[in-house]
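Understanding the architecture of this molecule
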Amino acid sequence: MTDPIVLAITGASGSIYAVRLLQVLHRRGCRVQMTMSHAAALVLDRELGIQINLHAFEAAPLLTYVSPLDPARWTSTYSDEVGEVGEIRYYHSNDFMSPIASGSHVTRGMVVCPCSGGTMSGIVHASSDNLIVRAADVHLKEHRKLILVPRETPLSVFQLENMQRAAAAGAVVLPASPGWYHGVASIIDLVDFVVARILDHLGIPHHLMQRWGEEQTENRSEACR
């Protein structure tokens, strides 16, 4: 079994990106170790109507969510299932005894999606004041893949400086800025564009979007097994 992927969800707007990413990783047979902040739970409820108990976590509300914006489009991209869904492990954001808090725990990479400005600041200053920031710090010091997905506009000079510091330290700063060249017919296509770019950097095959200069083709190769 391959190394797990760490997914951290923070309180920035754009929780739909995190939910979509988690569902795709799960359907692709990936092992996911996840954590989220208190603010993330509030935003999930506000934006998507998903209620999460951080002290008695259940993944089902996230995995079964279907966007009402275009339910047919939301479910149709799961034709690339690998037959067996992945494993999800949850760790509270205050749990510093979890494996993802240690550099000795090997992972395939970590994604912070969406990544709030406060979390970005905590990461670049190595504050380690919660599990999200600590796990990100671990990935940087161990030179493992770290993908940060900010979604805020406009950006202050301090936020820009923090992104520059994160990139200089080896992180991939991947703003939630969807393209439009892949044949956008639904808002879900815009969500999938960002999720697809995250999957690309994790090395996970998908067919969520049509690439520049290519015809849309299916990719059924195994991802995490």
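Report follows, based on the coordinates.

Cut-offs and rules
- Residues numbered from 1 in each chain as written.
- Predicted model: local features only at pLDDT ≥ 70, side-chain atom pairs only at ≥ 80, totals over all residues.
- Heavy atoms only, no water.
- Buried < 20%, exposed > 50% of the residue type's maximum accessible area, 1.4 Å probe, protein only.
- Helix = DSSP H or I, 4+ residues; strand = E, 2+ residues; numbered from the N terminus.
- Pairing = 2+ DSSP bridges.
- Lys, Arg positive; Asp, Glu negative; His and termini not counted.
- Salt bridge = Lys/Arg side-chain N within 4 Å of Asp/Glu carboxyl O.
- Polar contact = N/O pair within 3.5 Å; in protein donor to acceptor, adjacent residues only side chain to side chain.
- Contact = heavy atoms within 4.5 Å.

Turning our eyes to something else, we now look at the pairing of strand S1 (residues 5–9). Burial of S1 is extensive: 5 of the 5 residues sit out of reach of the surface. Where burial is concerned, the two faces of S1 agree: the one with Ile-5, Leu-7 and Ile-9 and the one with Val-6 and Ala-8 are both buried. In this sheet, strand S4 (residues 109–115) lies alongside S1 in parallel orientation, the contact comprising 4 bridges. Considered in S4, the bridge of Ala-8 is made with Val-112.

The subject of this paragraph is the side chain of Arg-144. Among the secondary structure elements, Arg-144 is positioned in the loop between helix H6 (131–141) and strand S5 (146–150). Among buried charged residues, Arg-144 stands out as having no salt bridge; its nearest opposite-charge side chain is Glu-142, 4.1 Å away. At 2.9 Å, the side chain of Arg-144 forms a polar contact with the backbone oxygen of Gly-103. Contacts of Arg-144, omitting those with residues within four sequence positions, involve Gly-103, His-105, Val-106, Thr-107, Val-138 and His-139.

Within the fold, Leu-148 resides in strand S5. Overall, the relative accessible area of 0% leaves Leu-148 in the buried class. Along the sequence, Leu-148 and Gly-179 sit 31 residues apart, while their C-alpha atoms lie 18 Å from each other.

Across the 7 residues of S4, 7 count as buried, placing the element largely inside the fold. A two-sided burial pattern is seen for S4, the buried positions comprising Gly-109, Val-111, Cys-113 and Cys-115 on one face and Met-110, Val-112 and Pro-114 on the other.

Here we take up the sheet that holds strand S3 (residues 88–90). What the 6 strands build is an open sheet, ordered S3-S2-S1-S4-S5-S6; its pairing is parallel. Since the sheet does not close on itself, it has two edges, and those belong to S3 and strand S6 (172–173), each with one partner. Relative to S6, S5 runs parallel, the two being bridged by 2 bridges. Note on S6: the bridge partner recorded for Leu-148 is Val-173.

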